[in-house]
Amino acid sequence: MPIYVTSATEHALRREIVRVGKLMYERGLAVATEGNISARLSADRILTTPSGLCKGMLEPDQLVVVNLEGERVSPASGANRHLQPTSEIPMHLEAYRQRADIGAVVHAHPPTAIALSIAGISLDECMLPEIIVFLGLVPTTAYATPSSTENVRAIREFISGHDAIVLQRHGTLTVGRDPWDAFMKTEIIEHSARIALMVRQLGGGPPLAATEVEKLLAQRQAMGLMKPNDPAEFRAIYGARDPNGQPTFTTSPG
Ligand SMILES: [Zn+2]
């Protein structure tokens with residue numbers, strides 16, 4: 001069901017987006033004017049950060065409201081009169097179109113995750129237990145020109161089945177119930193990428209056994225987080241590496 005939000009909640013969402021933008025900037029997940037954050041106000045209204053401003057220094061009144069075509073629909077205020085929606089809004093809108101269950105989208109440029117994508121190192125190489133349970137697999141798209149329709153096409157096949165995506169040589173896209181939920185997934189990706197890099201620097205390490213992945217997927221299902229394509233995708237990655245025989249992923253989609 002699309003989420004309907006009252007104006008009082010819009011006020012709270014504006015403050016939450018500003019808070020997330022500040023954290024994203026201070027933690028180096030986006031620099032200068034990079035990154036963008038949006039939240040769903042109603043079935044056809046999206047609140048978004050404007051283009052060209054540092055996400056660490058936003059004011060709530062600078063955010064703008066767009067429709068599902070990306071056209072600005074909010075009246076111009078003194079704070080945002082000359083501001084336009086983020087140029088990456090088509091990517092956000094694609095996520096909202098495909099995912100009626102989400103309330104927010106965060107796009108960031110986490111440096112370690114980007115470096116790994118350029119080096120061709122998948123985050124699946126060093127999957128941590130908590131990521132399997134709470135985030136699932138994090139696919140990496142083909143390279144696409146930022147702020148173009150290529151980006152929309154790049155995420156199109158992934159966003160229905162994943163809450164977190166790495167955009168090759170560019171950044172990340174995460175979705176969630178609200179801006180804070182989506183932002184935490186961005187943080188988890190970068191944290192995981194740093195650990196993957198450290199493991200490489202230490203000479204590498206063994207993959208998690210398929211039998212252990214299976215137990216974590218059971219937890220994911222019990223928490224209602226399982227996506228329909230999860231078992232097949234995990235099987236493709238971990239099953240081939242299991243030194244103890246055939247994978248037994250029997251968990252049905254939940
Ligand atoms: Zn970007």
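Definitions and cut-offs
- Residues numbered from 1 in each chain as written.
- Predicted model: local features only at pLDDT ≥ 70, side-chain atom pairs only at ≥ 80, totals over all residues.
- Heavy atoms only, no water.
- Helix = DSSP H or I, 4+ residues; strand = E, 2+ residues; numbered from the N terminus.
- Rg over C-alpha atoms; globule rule 2.2 N^0.38 Å.
- Buried < 20%, exposed > 50% of the residue type's maximum accessible area, 1.4 Å probe, protein only.
- Contact = heavy atoms within 4.5 Å.
- Areas by Shrake-Rupley, 256 points an atom, 1.4 Å probe, with all protein chains shown as cover.
- Lys, Arg positive; Asp, Glu negative; His and termini not counted.
- Charge placed at Lys NZ, Arg CZ, Asp CG, Glu CD.
- Arc of directions from axis to C-beta.
- Polar contact = N/O pair within 3.5 Å; in protein donor to acceptor, adjacent residues only side chain to side chain.
- Domains from an automatic or database assignment.
- Buried area = accessible area lost by both parts, 1.4 Å probe.
- Salt bridge = Lys/Arg side-chain N within 4 Å of Asp/Glu carboxyl O.
- Nonpolar A, V, L, I, M, F, W, Y, C, P; charged D, E, K, R; others polar.
- Donors = N, O, S within 2.8 Å, 3.2 Å for Na, K, Ca; no water.

Points about the overall build of the protein
Within the protein one finds eight helices and six strands. Along the protein, helices (α) and strands (β) appear in the sequence α-β-β-β-α-β-α-α-α-β-β-α-α-α when read from the amino end. On C-alpha atoms alone, the protein measures out to a radius of gyration of 19 Å, which is about the 18 Å that the 2.2 N^0.38 rule sets for 254 residues. Based on the C-alpha atoms only, the size of the protein along its principal axes is roughly 65 × 40 × 30 Å. The proportion of buried residues among the 254 residues of the protein is 51%. Partitioning the intrachain contacts of the protein with sequence separation of at least 6 by distance along the chain shows that 65% fall at a separation of at least 24. Surface exposure of the protein reaches about 11,700 Å², of which carbon and sulfur atoms provide 55%. If you average the places of the 24 positive and of the 27 negative side-chain charges in the protein, the two averages end up 3 Å apart.

Some points on helix 5 (residues 149–156)
An α-helix turns once per 3.6 residues; consequently, residues spaced three or four apart project the same way. Turning to helix 5, its buried residues are Asn151, Val152, Ala154 and Ile155. For helix 5, the angular spread of buried residues about the axis comes to 160°, placing them on one side. In helix 5, the exposed positions angled more than 90 degrees off the buried face are occupied by Thr149 and Arg153. Looking at the buried residues of helix 5, the elements they touch are helix 2 (89–98), strand 5 (164–167) and strand 6 (171–176). Where helix 5 starts, the residue carrying a side-chain oxygen 3.0 Å from the main-chain nitrogen of glutamate 150 turns out to be serine 148.

Here's the deal with the domain arrangement of the protein
Domain boundaries assigned for the protein yield domain 1 (7–201) and domain 2 (208–254). For domain 1 and domain 2, the distance between their C-alpha centroids amounts to 27 Å. Taken together, the contact between domain 1 and domain 2 spans 15 residues of the former and 16 residues of the latter. For the pair domain 1 and domain 2, the summed buried area comes to about 1,300 Å², and 64% of that belongs to carbon and sulfur atoms. When residues of domain 1 are sorted by the area they lose upon contact with domain 2, Ile132, Val133 and Leu137 head the list and together hold 47% of the total. There are one salt bridge connecting domain 1 and domain 2. Among the ionic pairs, aspartate 163 bridges to lysine 227, the shortest N-O distance being 3.3 Å. For the pair domain 1 and domain 2, the number of links is three residue pairs in polar contact (both at pLDDT 80 or more). Its residues assigned to classes, the side of domain 1 that touches domain 2 comprises seven nonpolar, four polar and four charged.

Here's the deal with the environment of histidine 107
One can find histidine 107 in strand 4 (residues 104–108). Since its relative accessible area comes to 1%, histidine 107 is described here as buried. On a C-alpha basis, the gap between histidine 107 and leucine 23 in space is 13 Å, while along the polypeptide they are 84 residues apart. Those residues in contact with histidine 107, other than ones at most four positions away along the chain, are Met24, Gly35, Asn36, Glu88, Met91, His92, Leu167, His170, Gly171, Thr172 and Leu173. Of the polar contacts made by the side chain of histidine 107, one reaches the backbone oxygen of threonine 172; its length is 2.8 Å.

Examining the coordination of the zinc ion
Reference values for coordination geometry: four tetrahedral donors around a metal ideally subtend 109.5 degrees, six octahedral donors ideally subtend 90 or 180 degrees. Only His107 (NE2), His109 (NE2) and His170 (NE2) from the protein coordinate the zinc ion, and they sit 2.1 Å from it. If you list the donors of the zinc ion from N- to C-terminus, the spacing comes out as H-x1-H-x60-H. One end of the pair, histidine 107, is in strand 4; the other, histidine 170, is in the loop between strand 5 and strand 6, with 63 residues separating them in the sequence. For histidine 170, a relative accessible area of 6% gives the class buried.

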